[in-house]
Amino acid sequence: MTAIHLENLSKSFGAFTALKGMNLDIADGEFVALLGPSGCGKSTTMNMISGLLEPSEGSIRFGERDMRGVPMGRRGVGFVFQNYAIFTHMSVYDNLAYGLKATGVAKAERDRRVKDMAEFLHLTPMLNKPSAGLSVNILQRLAIGRSAIMEPAIFLLDEPLSNVDAAFRAVMRTELKHLQRQFRQTMVYVTHDQLEAMTMADRIAVMDHGKLLQVGTPIDVYNNPSNVFVAGFLGSPGMNLLKGMIVRTDLGMRADLGDAGLSAPLSSAQEKSVSDGQAIVYGFRPEHCQLTGDDGIRLPVTFVERIGARTILHLGNKGASIKGVFDNDVVARSGEIVTLSIDHANIRLFDAGSGDAIVEAR
Ligand code: ATP
C-alpha cells in the first residue's frame, strides 16, 4: 500500500500547458477522484502517475520513493482505461490468469485468485467462455478484474465506465467501491461525471484548464465550493449562480440581484465579508429554495422537468436562469408565474471578478 505525492506537477506539450503546478497528497489506501470537464488535464495527470508520461516540472513520489525515470512496469500500478484491453482470443479465465501466470504465480494459487475475482465481479458463469463476443459491459468488468487480480498497491482507473450503459454503470460504481475496500489499494479514478466522483471517492480533486481548483470530501466540496466553476460543476443541476451587487441599505448590506428582481439579505458573517458596491455572484443549490405564496422572487416557469422521484422547475426572466428541485407532486405549468423563496442560510457568495468564494468573516 502506497501514498502518492504530487508536488508542483506540470506538463507542457510544446507551447501548450496541459497541467500547471499541481500539488496533491493521496493517502495510503485512499480513493481519490480527479474530476473535471474534457481537456482539463485529468488523463495527463494519470499518465504521469502511471509512468506513461514524464513530467515537464515537479515531482511524483510513491511513499518516500521518487518516481522520476522509473518505468511503468516497475511502479507497481494497475491501470484500467476507458477502452478495455482484453485478449479477445482468450477465455475469460485465461484473461484473468494472464498477469499471474506471467509473474510466475503457482497454478493452485492462480486458480484460487481467478475464481475469487470472477466471483467478486460476477464473471463465474462465463469463466470458460471466449472473450470475443462478450458485451462491452462484461469486457470492461473483465478489464478491471484483470488489473485488480494483480493486487497493485496503486490502482489507476481512467474513465473506466464511460463506454458502458447507464444501468451497468450504477452497478459498477458500487462494485468498484467494494473492490477498493476489500484490497485497500490507493485508488485514483479519472472521471468527468460528478455523480461517479461523489458516490465513490473519499476525496474529490476538481480540475479545470490544467489547474487543480479544490480538493475535499464529496460533501465538503458540494457544500462549500471554492469558486463558481466548482459550484456549477458539482450537482445535477449545478448551483444556481446569479450576478449581483452588494449595496448598503438602511436594513444593512444586501445582495441586489438586479434583473432577477431580488434584494436579498445577508447573514451577519457575510455582511462583514463584503463591501458596498462589490460585484458578486450569488449562489444557491436548486434544493435550497421553496415555492411560496408570499415573500420571494416572482418568476415564470419556463420548463417542467419530471425526473421520477423529483421535479426540476426551470425558472427565468431576462436576467436570471434558475433551477429548483422539488417533490415530484409539485404543481406547476410552463408559463405560470411562481414565487420562489431561497433558504438564506445556504447562500454562497463569490467575488464576480475572481470567481473565488468569499470567505465569511468569523
Ligand atoms: P478527456 O477526458 O477529454 O481526455 P482530460 O481532462 O483527461 O480530458 P487530457 O487528456 O489530460 O484531458 O488533456 C489535457 C489537454 O492536453 C487537452 O487540451 C489535450 O488536447 C492536450 N494534450 C493531451 N495530450 C497531448 C499531446 N500528446 N500533445 C499535445 N496536446 C496534448
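Residues numbered from 1 in each chain as written. Predicted model: local features only at pLDDT ≥ 70, side-chain atom pairs only at ≥ 80, totals over all residues. Heavy atoms only, no water.

### As for the overall build of the protein
Then comes step 1: Each helix and strand counted, the protein has 9 helices and 20 strands in total.
Then comes step 2: Counting only C-alpha atoms, the protein reaches 80 × 45 × 35 Å along its principal axes.
Then comes step 3: A burial count over the protein gives 51% of its 362 residues as buried.
Then comes step 4: Summarising the internal contacts of the protein: among those between residues at least 6 apart in sequence, 66% fall at separations of at least 24.
Then comes step 5: Put simply, the protein shows about 16,800 Å² of open surface, and 51% of that area lies on carbon and sulfur atoms. (Helix = DSSP H or I, 4+ residues; strand = E, 2+ residues; numbered from the N terminus. Buried < 20%, exposed > 50% of the residue type's maximum accessible area, 1.4 Å probe, protein only. Contact = heavy atoms within 4.5 Å. Areas by Shrake-Rupley, 256 points an atom, 1.4 Å probe, with all protein chains shown as cover.)

### Overview of the packing of helix H2 (residues 92-102) against helix H3 (residues 107-120)
Then comes step 1: Remark: H2 packs on H3, axes separated minimally by 10 Å, with the N-to-C direction vectors making an angle of 135 degrees. Judged on the interaxial angle alone, H3 and H2 are oblique. Crossing of H2 over H3 shows right-handed handedness. Where H2 approaches H3, its residues Tyr93, Leu96, Ala97, Leu100 and Lys101 are matched on the opposing element by Arg110, Asp111, Arg113, Val114, Met117 and Ala118. (Axes fitted to C-alpha atoms, helices over the stretch in contact; angles between N-to-C directions. Parallel < 35°, antiparallel > 145°, perpendicular 65-115°, else oblique. Left-handed = near helix turned anticlockwise from the far one by under 90°.)

### Focus: the side chain of Arg254
Then comes step 1: By secondary structure assignment, the location of Arg254 is in strand S12 (residues 252-256).
Then comes step 2: Residue Arg254 is classed as buried on the basis of its relative accessible area, which comes to 17%.
Then comes step 3: If near-sequence neighbours (up to four positions away) are discounted, Arg254 is found in contact with Met245, Ile246, Val247, Thr249, Ser263, Ala264, Pro265 and Leu266.

### Let's talk about the site of the ligand
Then comes step 1: The ligand sits among Phe13, Phe16, Ala18, Pro37, Ser38, Gly39, Cys40, Gly41, Lys42, Ser43, Thr44 and Glu159.
Then comes step 2: Interatomic distance of 3.0 Å between a backbone N/O atom of Cys40 and an oxygen atom of the ligand.
Then comes step 3: The fraction of the free accessible surface of the ligand (620 Å²) that becomes covered by protein chains is 57%.
Then comes step 4: Listing elements by their share of the shell around the ligand, those giving two or more residues are strand S2 (16-26) and helix H1 (42-50). (Near = heavy atom within 4 Å. Polar contact = N/O pair within 3.5 Å; in protein donor to acceptor, adjacent residues only side chain to side chain.)

### Examining the domain arrangement of the protein
Then comes step 1: What the domain assignment lists for the protein is domain 1 (4-223) and domain 2 (233-359).
Then comes step 2: The straight-line distance from the C-alpha centre of domain 1 to that of domain 2 is 38 Å.
Then comes step 3: Taken residue by residue, the interface counts 11 residues in domain 1 and 7 residues in domain 2.
Then comes step 4: Broken down residue by residue, the surface that domain 1 buries against domain 2 is led by Gln194, Tyr222 and Asn223, which jointly contribute 68%.
Then comes step 5: Connecting domain 1 to domain 2 are 0 salt bridges. (Domains from an automatic or database assignment. Buried area = accessible area lost by both parts, 1.4 Å probe. Salt bridge = Lys/Arg side-chain N within 4 Å of Asp/Glu carboxyl O.)

### Quick word on the pairing of strand S4 (residues 57-62)
Then comes step 1: The sheet contact formed by strand S1 (residues 4-13) and S4 spans 5 bridges and is antiparallel. Residue Ile4 lies in a different strand from S4, and its bridge partner there is Phe62.
Then comes step 2: Note that S4 and strand S5 (residues 65-66) share 2 bridges and pair antiparallel. Residue pairing for S5: Arg61 is matched across the bridge by Asp66.
Then comes step 3: Counting the residues that bridge the hairpin from S4 to S5 gives 2 residues, and of these Gly63 lies at a positive phi of roughly 60 degrees. (Pairing = 2+ DSSP bridges.)

### Remarks on unusual backbone geometry
With glycine set apart, most residues show a phi of negative sign, and most peptide bonds adopt trans.
Then comes step 1: A cis geometry characterises the amide bond from Ser236 onward to Pro237, with omega recorded as 0 degrees.
Then comes step 2: A positive phi angle, close to 50 degrees, is found at Glu151, a residue other than glycine.
Then comes step 3: Taking the relative accessible area as the measure of exposure, Glu151 reaches 42% and is therefore partly exposed.
Then comes step 4: Although it is not a glycine, His209 adopts a positive phi angle of roughly 45 degrees.
Then comes step 5: Relative to the assigned elements, His209 resides in the loop between strand S9 (203-208) and strand S10 (211-216).

### Concerning the packing of aromatic side chains
Then comes step 1: Per the counting criterion, the structure on display carries 5 aromatic pairs.
Then comes step 2: Between the aromatic rings of Phe229 and Phe233, the centroid separation amounts to 5.3 Å while the plane-to-plane angle is 20 degrees, which identifies the pairing as stacked. One end of the pair is Phe229 and the other is Phe233, both in helix H8 (residues 228-233) and 4 residues apart, which spans about a single turn.
Then comes step 3: According to the relative accessible area criterion, Phe229 is partly exposed, its value standing at 23%. (Phe/Tyr/Trp six-rings, centres within 6.5 Å; stacked < 30°, edge-to-face > 60°.)

### Some thoughts on H1
Then comes step 1: Most of H1 is tucked away: 8 of the 9 residues are buried.
Then comes step 2: Restricting attention to buried positions, one finds in H1 the residues Lys42, Thr44, Thr45, Met46, Asn47, Met48, Ile49 and Ser50.

### Looking at the sheet that holds strand S3 (residues 31-35)
Then comes step 1: The strand order S6-S7-S8-S3-S9-S10 describes an open sheet built from 6 strands, whose pairing is mixed. The sheet is open, and its two edges are formed by strand S6 (77-80) and S10, each paired on a single side. Between one strand axis and the next, the sheet turns through 15 degrees on average, direction left out of account.
Then comes step 2: Sheet topology places S3 next to strand S8 (residues 186-191); 5 bridges connect them, and they run parallel. Its bridge partner being in S8, Ala33 is matched across the sheet by Tyr189.
Then comes step 3: Against the sheet, helix H4 (residues 136-148) makes contact with S6 and strand S7 (154-158), and its axis sits at roughly 175 degrees relative to S6, the strand it touches most.
Then comes step 4: Against the sheet, helix H5 (residues 166-183) engages S3, S7 and S8, with an angle of about 160 degrees to S8.

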